[in-house]
Amino acid sequence: MSNGAIVSMTVKEAGNRFATTEPDREGTARNAKSTGPGAAAVTATTGTPERYDQLLSRIVERPNMQQAYRRVVQNRGAAGVDGMSVAELKDYLVKNWLRIRDLLLTGRYVPQAIRGVQIPKPTGGVRQLGIPTAVDRLIQQAIHQVLCPIFDPTFSEHSYGFRPGRSAHQAVSQARQYVADGYRFVVDMDLEKFFDRVNHDILMSRLMRRIADKQLLLLIRRYLQAGILQNGTLSERKEGTPQGGPLSPLLSNILLDDLDKELERRGHRFCRYADDCNIYVKSKQAGERVLQSLTRYLKNKLKLTVNPAKSAVDRPWKRKFLGYSMTCEKRPRLRVAPESVKKFTKNIKELFRRGRGRRIDATIAGVNPKLTGWINYFILAEVKNVFEELDGWLRRRFRNLIWRQWKKPFRRQRGLIERGIAPDRAWKSSVNGRGAWWNSGASHMNEAFPKRYFDYLGLVSLLDVKLNQFIMSGTAGYGTVRPVV
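Model, not experiment: these values are computed from the prediction. Each chain carries its own residue numbering, running from 1 in the written order of its sequence. Residues qualify for local features only when their pLDDT is at least 70, as the model is predicted, and side-chain atom pairs are given and counted only at 80 or more; totals for whole chains, interfaces and linings, by contrast, use all residues. As a rule here, side-chain values cover all heavy atoms of the structure and leave hydrogens and water aside.

Draft legend 1. Structural context of the pairing of strand 3 (residues 114–120). Note on pairing: DSSP must find at least two bridges between two strands before they are called paired. Helix and strand assignments come from DSSP, with helices taken as H or I runs of at least 4 residues and strands as E runs of at least 2, each series counted from the N terminus. Where strand 3 and strand 6 (residues 228–230) come together, two bridges link them in parallel fashion. Bridge assignment links Ile 114 to a residue of strand 6, and that residue is Ile 228. Bridge count for strand 3 against strand 4 (residues 126–131) is six bridges, and the pairing is antiparallel. Along strand 4, the bridge assignment pairs Gln 118 with Gln 128.

Draft legend 2. Layout of the sheet that holds strand 6. As summarised here, the arrangement of the four strands in space is 4-3-6-7, forming an open sheet in which the pairing is mixed. Both outer strands of the open sheet, strand 4 and strand 7 (233–235), are each paired with one neighbouring strand and no more. Shown here is a sheet whose adjacent strand axes are inclined to one another by a mean of 35°, direction ignored. Looking at chain direction, strand 6 and strand 7 are connected through three bridges and run antiparallel. For Leu 229, the partnering residue across the bridge sits in strand 7 and is Leu 234. In this description, a line fitted to the C-alpha atoms serves as the axis of each element, helices being fitted only across the stretch in contact, and the angle between N-to-C directions of two axes falls anywhere from 0 to 180 degrees.

Draft legend 3. Broad picture of the packing of helix 5 (residues 89–105) against helix 6 (residues 134–151). One way to put it is that helix 5 packs onto helix 6 with a least axis distance of 11 Å and a crossing angle of 55°. Judged on the interaxial angle alone, helix 6 and helix 5 are oblique. Where helix 5 crosses over helix 6, the two elements pack in a sense that is right-handed. Residues Leu 89, Tyr 92, Leu 93, Ile 100 and Leu 104 of helix 5 lie in contact with helix 6, whose contacting residues are Ala 134, Val 135, Leu 138 and Ile 139. Residues are sorted three ways: Asp, Glu, Lys and Arg are charged, Ala, Val, Leu, Ile, Met, Phe, Trp, Tyr, Cys and Pro are nonpolar, and all the rest, Gly among them, are polar. Among the residues forming the contact of helix 5 with helix 6, the class breakdown is nine nonpolar, no polar and no charged. Our angle categories are set so that under 35 degrees counts as roughly parallel, over 145 as roughly antiparallel, 65 to 115 as roughly perpendicular, and the remainder as oblique. Rotating anticlockwise by less than a right angle from the far helix to the near helix defines a left-handed crossing, while the corresponding clockwise rotation defines a right-handed one. Residues count as neighbours in contact if any of their non-hydrogen atoms are within 4.5 Å of one another.

Draft legend 4. Region of the structure containing the packing of aromatic side chains. Within 6.5 Å between ring centres, the rings of Phe, Tyr and Trp (the latter by its six-membered ring) count as paired, and their orientation is classed by plane angle as stacked under 30 degrees, edge-to-face over 60, tilted in between. Inspection of the entire model under this criterion finds 16 aromatic pairs. Ring plane angle 45° and centroid distance 5.9 Å describe the contact between Trp 406 and Phe 449, whose orientation is recorded as tilted. In this pair, Trp 406 is assigned in helix 15 (residues 385–406) and Phe 449 in the loop between helix 19 (443–448) and helix 20 (451–457), connecting sequence segments 43 residues apart. In terms of burial, Trp 406 and Phe 449 fall into one category: buried. Judged by centre distance (5.0 Å) and plane angle (75°), the rings of Phe 449 and Tyr 453 are edge-to-face. By the ring-pair criterion, three or more aromatic residues cluster together here, those being Phe 352, Phe 398, Trp 403, Trp 406, Phe 449, Tyr 453 and Phe 454. Charge-over-ring contacts are defined here by two conditions on Lys NZ or Arg CZ: a distance within 6 Å of the ring centre and an angle within 35 degrees of the ring normal. Geometry around Tyr 160 places Arg 166 over its ring, the cationic atom sitting 5.2 Å from the centre. The ring of Trp 438 carries Arg 434 above its face, with NZ or CZ at 4.7 Å from the centroid. Burial classes follow relative accessibility: with a 1.4 Å probe on protein chains only, a residue under 20% of its type's maximum area counts as buried, one over 50% as exposed, and anything between as partly exposed.

Draft legend 5. Quick peek at the pattern of salt bridges. Here, a salt bridge means any side-chain nitrogen of Lys or Arg that lies within 4 Å of a carboxyl oxygen of Asp or Glu. Summed over the entire model, instances satisfying the criterion amount to 21 salt bridges. Across the salt bridge formed by Glu 329 and Arg 333, the nearest N and O atoms sit 3.2 Å from each other. The class of Glu 329 is partly exposed, set by a relative accessible area of 33%. Residue class for Arg 333 comes out partly exposed when judged on its relative accessible area of 24%. Across the salt bridge formed by Lys 451 and Asp 455, the nearest N and O atoms sit 2.9 Å from each other. Linking Lys 451 with Asp 455, this pair stays in helix 20, spanning four residues, or about one helical turn. Given a relative accessible area of 16%, Lys 451 falls into the buried group. Asp 455 gets classed as partly exposed once you look at its relative accessible area, which sits at 34%. Within the structure, one salt-bridge network assembled from shared partners comprises Arg 206, Arg 209 and Asp 258.

Draft legend 6. Structural detail: helix 16 (residues 409–418). Regarding helix 16, the residues found buried are Arg 412, Gln 413, Gly 415 and Leu 416. Looking down the long axis of helix 16, one finds its buried residues gathered within 165° of arc, a one-sided arrangement. The exposed residues of helix 16 that point more than 90 degrees off its buried face are Phe 410 and Glu 418. Looking at the buried residues of helix 16, the elements they touch are helix 15, helix 17 (423–430) and helix 19. Note that the arc is defined by the directions from the helix axis to the C-beta atoms.

Draft legend 7. Structural detail: a nonpolar patch on the surface. Residues Phe 410, Trp 427 and Val 431 make up a contiguous nonpolar surface patch of about 310 Å² in total accessible area. For Trp 427, the position within the fold is in helix 17. We classify Trp 427 as partly exposed; its relative accessible area is 34%. Nonpolar side chains (Val, Leu, Ile, Met, Phe, Trp, Tyr) are joined into patches within 5 Å and like charges within 9 Å, using only residues with over 30% relative accessible area and no salt bridge. Accessible surface area values rest on a Shrake-Rupley calculation with a 1.4 Å probe, where residue burial reflects the displayed protein chains alone.

Draft legend 8. Structural detail: empty space enclosed by the protein. Throughout, the protein atoms alone are placed on a 1 Å grid, and a set of points is a cavity if a 1.4 Å probe fits but cannot get out or a pocket if it is open with protein on both sides within 12 Å along at least five of seven lines; lining residues have an atom within 4 Å of a point. Grid points are joined across faces, edges and corners, and a volume is the space filled by probe spheres set on the points. Inspection of every chain in the model, using the stated rule, returns six cavities of 30 Å³ or more. In terms of lining, the largest cavity is formed by 13 residues, of which the most central are Gln 140, Tyr 223, Arg 237, Pro 242 and Ser 248. Estimated volume of the second largest cavity: approximately 90 Å³. The biggest single contributor to the lining of the second largest cavity is strand 11 (residues 324–326), with three residues. Among the residues making up the lining of the second largest cavity, the classes are represented as nine nonpolar, two polar and two charged.

Spelled out as structure tokens, the structure:
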């Protein structure tokens, strides 16, 4: 479509270009396919085929913007500093898209500030998130869809984070293979506040290696420098790419690709997922040398700092990687890291606190999505005991909830009798003077509310799901499963 044809488009047509009738099934922006509108039409600058020009005009083309709009709507997300929700985005674009498009093409578009949000980390401290406005998320998503096919093919095979066709599961499986091959020490390297410390000048220099479109480079620089509004205070940003925008994951991979190439040049076995990087070596001494040299490299070349408190050289089964750990056998098996179990139980406890005044089946309906998502992520775990223990712990939490809801001894006696407990035993149990948690683990509650009761109500069983996955995959090593109540 020519520029003249686009400019002459009516306001109604501008709104229709963002309408969507079917959900986008290609995934989120972080794992979008590397093919799409704007990718195939990119033209290379004469004489320098590695650098691409006229990208901004491709970004605002109708097919690319339609795909970006569907992706933003599908991902939903909170409102930015302007308070506009994703549901309100279409009406806003109907009235304002032609003006926004003109500002983008003429280099006059200035992104709004991002809304700063801090969330606690499981290991302590806080993680800084930056939530762009709905309009800026749309533009960032459109940029991502054009830049990803340009940069992603040049990335290392050992980079797994936020890339099309790659996942955390692949990274974890590769890490296990390195250990099985005899590399039984890991350099667990943690970058200190990586997303908050990215040097803008260094990042822009990496972008300029492939991008010759000055207008697009200016727009990306403005996104990097957009202020952050937090607690009513607007702060300037001179470094960092706060997590929360569709463009941040790609920019982080572009910057850390230098690290990947350096590790490949040195011949190391490594896996990197965003700022989580593990290098596998054969001795602790070698690991110490690698950690020291990479610390210097990152500081001098990329202006990034390795966190000495969280980085270490140790056995892989004593560290965690993307929520997983592994056993110390010659052919190691993957297991759920203890820190991941602790984080999971903490989140589930919060759901139970909200469910004290609700029906049990309503609480189960709220818990099940969390259980399903958790077990799907840890589908690779080959050690079953954690699923068995969590299964029993979950049912005990429900029995604890039931006991608390009964409140009075007479109500507890009646409830136990209704569930098949003898009257004398029911009365003694209801007045035993013990707390709710003790009673939830006692025999009278286990007999009154066995596993089949919760199965009937539809509670997801982590152990049953895991065993079904084991049977379907044919994986060996689980052994005999004892019954759990």
